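Next come the chains, spelled out residue by residue.
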Amino acid sequence: MPATELFVTSLGRVGEKELLVPTGQQGQTLAHLQDWVDARSPGKSALKDISNTVLIKGIKQWTVFEEKAGAKKILTVFKIT
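Everything quoted here is computed from the prediction, not taken from an experiment.

Draft legend 1. Structural view of the environment of Gln-28. With respect to the helices and strands, Gln-28 occurs in strand E2 (residues 17–30). With 12 residues separating them in the primary sequence, Gln-28 and Arg-40 have C-alpha atoms 15 Å apart. Excluding its chain neighbours within four sequence positions, the residues that come into contact with Gln-28 are Ala-3, Thr-4, Glu-5 and Trp-36.

Put into structure tokens, the structure is as follows:
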């Protein structure tokens, strides 16, 4: 399934989930999401799929990965098409 990276902004929390809104900018489009996961070096921080803990406004199918960079957490959001 093709996946497109999205840039998002947090609008806070809805219940127990974080609400994210796409900014309109899109990143790379991949033929398969697994290509992006495989490209992450194995020695780098572990990826964690946190898709069940967020809501993306206006997107029907998405996946969100979290990785740690020092004390900071980085979220990477993909729209599944």
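On we go from here.
Draft legend 2. Representation of the environment of Leu-20 in the model. Positionally, Leu-20 belongs in strand E2. Residue classification places Leu-20 among the buried positions, given a relative accessible area of 3%. Expressed as a C-alpha distance, the spacing of Leu-20 and Leu-55, which sit 35 residues apart in the sequence, is 6.0 Å.

The rules behind these values
- Residues numbered from 1 in each chain as written.
- Predicted model: local features only at pLDDT ≥ 70, side-chain atom pairs only at ≥ 80, totals over all residues.
- Heavy atoms only, no water.
- Helix = DSSP H or I, 4+ residues; strand = E, 2+ residues; numbered from the N terminus.
- Contact = heavy atoms within 4.5 Å.
- Buried < 20%, exposed > 50% of the residue type's maximum accessible area, 1.4 Å probe, protein only.

These results come straight from atomic positions and should not be treated as a statement about function.
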